[in-house]
Amino acid sequence: MDRIRITGGRQLNGVIPISGAKNATLPLMIASLLTQDTLILDNVPRLADVRLLQRILGNHGVDVMIAGKRPGESTDNQTLHISAANIVDTTAPYDLVSKMRASFWVVAPLLARMGRAKVSLPGGCAIGTRPVDLLIMALERLGAQIEIDAGYVIASAPRGLQGNEIVFPKVTVGGTHTALMAAVLANGTSVIENAACEPEVGDLADCLNKMGAKISGAGTTRITVEGVAKLNGARHSVLPDRIETGTYAMAVAMTGGDVMLQNARPELLQAALDTLAQAGANITATNEGIRVTRNGGGIAPVTVTTEPFPGFPTDLQAQLMALMTRAKGTSTITETIFENRFMHVQELARLGARIHLDGQKATIEGVDRLKGAPVMATDLRASVSLVIAALAAEGETTVNRVYHLDRGFERLEAKLSACGASIERLSG
Ligand code: UD1
């Protein structure tokens, strides 16, 4: 199993190209199931989760062709030509769905286009219970018959889905993606209330509109979808990854230095950038991206609560906590989205962090120094928080179980070492 070895204490200086967003790519790839025509996606990151979804879609009969980099492109992002001309199977089995929760979302386009789908319940997840009750509610509101049997959700709508009002009692990104993908091919108009406003929802809606859907209001809490009989192919470029952007911005705030986050867009993570500015980083938006600098000054403590967009994202909570371990004072971070998203706390403590947990609230008492140690990656965002801490720790840190990182960060070691970090992957 691969490990990553980091020797801390170096500043970061240079350019980091920001990849296409994983969390936009996954629903966009799944949306290919809605049409017989080819969907072309540009700016797709090279990630383990993308490869896995390729396999999952392949199981339904979807062909994914990967085209190379286009001239002048600054990242390693790829172009996918996705064709769901022939759907051969409407079942998504447990062994595939259990590996990646988001693959459950195939239920919506399969049901909308084929009138039926049988998709395994995704099962437990390290960061919390993460149920799918609201996704099922959305499909039922559109007239789907749902049965749960032997760990599978069996959905059918033999006469097609019917537009309706869907009111989410809590904000859910996956629920909003599901409702959108089902409603686009329903008869009549649907209104999604308390919809997620995350930029990835907007990206999916943009792509669906290019495919011929009639969606308005994406990016707000009320989305209206006028159903159409059929969708076409389209070409769409995935938006930049705001979580990758915020992660590297926090790494620079941690180590000091001067880094241009190329292709990054500030409006996708304003709350996180404001927090970083409060902590003492200088953030400048330019035509090229976002420039982050920090001179020798210390890190100021912050008080942050995770919230749905446009609030501070839960997917940057662990990284911010790593940064705050070195703040000059006491910070508090309250997690409101997932109930068990503090697994990085024990591992950060191994590097010398002082963190006290009380339910959903973490109190972080900044320390003068962290010291390298072997640590274990537990989930995607938690593992990158260990990398951030290690970049500032004295001596050597090895991060084990880095397959978690590979799910969501493209060429992490290459991007950081190009900016002067001492970081390498040890295979086997
Ligand atoms: C997506 C993101 C994930 C991010 C999360 C919140 C992807 C691939 N993943 O996950 O990185 O951390 O949004 O921004 O885009 N809930 C229910 N019932 C449901 C669905 C959700 O109670 O049927 C709850 C969840 O347990 C959680 C909250 O709603 O407490 C938000 O979850 P949701 O927004 O659905 O997260 P995901 O779409 O799974």
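See above for the structure.
Note that residues are indexed from 1 along each chain, following the sequence as it is written. Only residues with pLDDT of 70 or above have their local features reported here, since the model is predicted, and side-chain atom pairs are shown and tallied only from 80 upward, although totals for entire chains, interfaces and linings are computed over all residues. To get the side-chain values, all heavy atoms of the structure are used, and hydrogens and water are removed first.

Student: Lay out the overall build of the chain in plain terms, naming residues and giving numbers.
Tutor: Helix and strand assignments follow DSSP, with helices taken as H or I runs no shorter than four residues and strands as E runs no shorter than two, numbered in order from the N terminus. The helix and strand inventory of the chain stands at 14 helices and 24 strands. We compute the radius of gyration from the C-alpha atoms alone; for a globule the expected value is 2.2 Å times N to the 0.38, where N is the number of residues. Radius of gyration (C-alpha) of the chain: 21 Å, near the 22 Å computed for a compact globule of 428 residues. Taking the principal axes of the C-alpha coordinates as reference, the chain spans close to 65 × 50 × 40 Å. The rule is simple: take the accessible area with a 1.4 Å probe, protein chains only, and divide by the maximum for that residue type; under 20% is buried, over 50% is exposed, in between is partly exposed. Burial statistics for the chain: of 428 residues in total, 56% are counted as buried. Contacts are assigned to residue pairs that have any heavy atoms within 4.5 Å of one another. The contacts of the chain with a sequence gap of at least 6 include a subset with a gap of at least 24, amounting to 76%. Charge assignment: positive for Lys and Arg, negative for Asp and Glu; neither His nor the chain ends contribute. By convention, charge coordinates are those of NZ in Lys, CZ in Arg, CG in Asp, or CD in Glu. Between the mean site of the 41 positive side-chain charges and the mean site of the 41 negative ones, the chain shows a separation of 3 Å.

Student: Summarise the sheet that holds strand E2 (residues 12–17); cite the residues concerned and give the values.
Tutor: At least two bridges found by DSSP between two strands are what make those strands a pair. With respect to topology, four strands assemble into an open sheet ordered E2-E15-E17-E16, the strand pairing being mixed. The open sheet has two free edges, formed respectively by E2 and strand E16 (282–285), since each of these has just one partner strand. Neighbour-to-neighbour, the strand axes of the sheet open up by a mean angle of 10°, direction not taken into account. Where E16 meets strand E17 (residues 289–294), four bridges bridge the pair, whose relative direction is antiparallel. Opposite Asn282, over in E17, you have Thr293 as the bridge partner. Axis definition: a line fitted to C-alpha atoms, over the contacting stretch in the case of helices. Angles run 0 to 180 degrees between N-to-C directions.

Student: Can you break down the side chain of Thr306 residue by residue, with the values?
Tutor: Within the element layout of this structure, Thr306 appears in the loop between strand E18 (303–305) and helix H10 (317–324). Only 3.3 Å separates the side chain of Thr306 from the side chain of Glu335, close enough to count as a polar contact. What Thr306 contacts, discounting residues up to four positions off in sequence, is Phe312, Pro313, Thr314, Gln317, Thr334, Glu335, Thr336 and Ile337. In the analysis that follows, any N or O atom pair within 3.5 Å is treated as a polar contact, provided that within protein one partner can donate a hydrogen and the other can accept it, and provided that, for residues neighboring in sequence, both atoms belong to side chains.

Student: Give a description of the sheet that holds strand E24 (residues 422–426) that names residues and reports values.
Tutor: Read from one edge of the open sheet, four strands run E22-E23-E1-E24, paired in mixed fashion. The two strands at the open ends of the sheet, each matched to only one other strand, are strand E22 (374–376) and E24. Along the sheet, successive strands turn relative to each other by an average axial angle of 20°, direction set aside. Bridge count for E22 against strand E23 (residues 396–400) is three bridges, and the pairing is parallel. In the sheet register, Pro374 faces E23, and the bridge partner there is Thr398.

Student: Any details on the site of the ligand? Residues and values, ideally.
Tutor: Looking at the ligand, there are 19 residues lining it, with Asp133, Leu134, Val173, Asp315 and Ile337 nearest. Within the side chain of Asp133, an N or O atom sits 2.7 Å from a nitrogen atom of the ligand. Note that an oxygen atom of the ligand is positioned 2.6 Å from one of the backbone N or O atoms of Ile337. Burial of the ligand by the protein amounts to 90% of the accessible area it has alone, namely 740 Å². Elements represented by at least two residues in the shell around the ligand include exactly helix H5 (133–141) and helix H6 (173–183). Ranked by residue count, the leading element in the shell around the ligand is H5, at three residues. For this classification, Asp, Glu, Lys and Arg are treated as charged, while Ala, Val, Leu, Ile, Met, Phe, Trp, Tyr, Cys and Pro are nonpolar and the rest, including Gly, are polar. A per-class count over the shell around the ligand returns nine nonpolar, four polar and six charged. Distances are taken per atom, and a residue is near a molecule or strand as soon as one of its heavy atoms is within 4 Å of it. Accessible surface area values rest on a Shrake-Rupley calculation with a 1.4 Å probe, where residue burial reflects the displayed protein chains alone.

Student: Lay out the state of the cysteines in plain terms, naming residues and giving numbers.
Tutor: Here, the term disulfide refers to a pair of cysteine sulfur atoms separated by no more than 2.5 Å. As enumerated under the stated definition, the model contains zero disulfides in all. As a non-bridged cysteine, Cys197 has Cys207 as the owner of its nearest cysteine sulfur, 20 Å distant.

Student: If you had to explain the pattern of salt bridges to someone new, which residues and values would you point to?
Tutor: Here, a salt bridge means any side-chain nitrogen of Lys or Arg that lies within 4 Å of a carboxyl oxygen of Asp or Glu. Going through the model one piece at a time under the given rule, you end up with 16 salt bridges. Measuring nitrogen to oxygen at the nearest pair gives 3.6 Å for the salt bridge that ties Lys22 to Asp49. With Lys22 in helix H1 (residues 22–31) and Asp49 in helix H2 (residues 48–59), the pair connects residues that are 27 residues apart, well separated along the chain. Overall, the relative accessible area of 7% leaves Lys22 in the buried class. With relative accessibility at 3%, the residue Asp49 sits in the buried group. Across the salt bridge formed by Glu413 and Arg425, the nearest N and O atoms sit 2.8 Å from each other. Here the residue Glu413 occupies a position in helix H14 (residues 412–417), and Arg425 occupies one in strand E24, the gap between them amounting to twelve residues. When its relative accessible area of 16% is taken as the criterion, Glu413 is described as buried.

Student: Please set out the packing of helix H8 (residues 242–255) against helix H12 (residues 380–392) residue by residue, giving values where relevant.
Tutor: Contact pair H8 / H12: the axes reach a minimum separation of 8 Å and the direction vectors enclose 20°. Classified by the angle their axes make, H8 and H12 are roughly parallel. With respect to the hand of their crossing, H8 and H12 are arranged in right-handed fashion. Here Ile243, Thr247, Met250, Ala251, Met254 and Thr255 of H8 come into contact with H12, specifically with Arg381, Val384, Ile388, Ala389, Leu391 and Ala392. Looking at side-chain class alone, the contact of H8 with H12 contains nine nonpolar, two polar and one charged residues. Note on angle classes: values under 35 degrees are labelled roughly parallel, values over 145 roughly antiparallel, values of 65 to 115 roughly perpendicular, and the remainder oblique. Note: crossing handedness is left-handed where the near helix turns anticlockwise from the far helix by less than a right angle, and right-handed where it turns clockwise.

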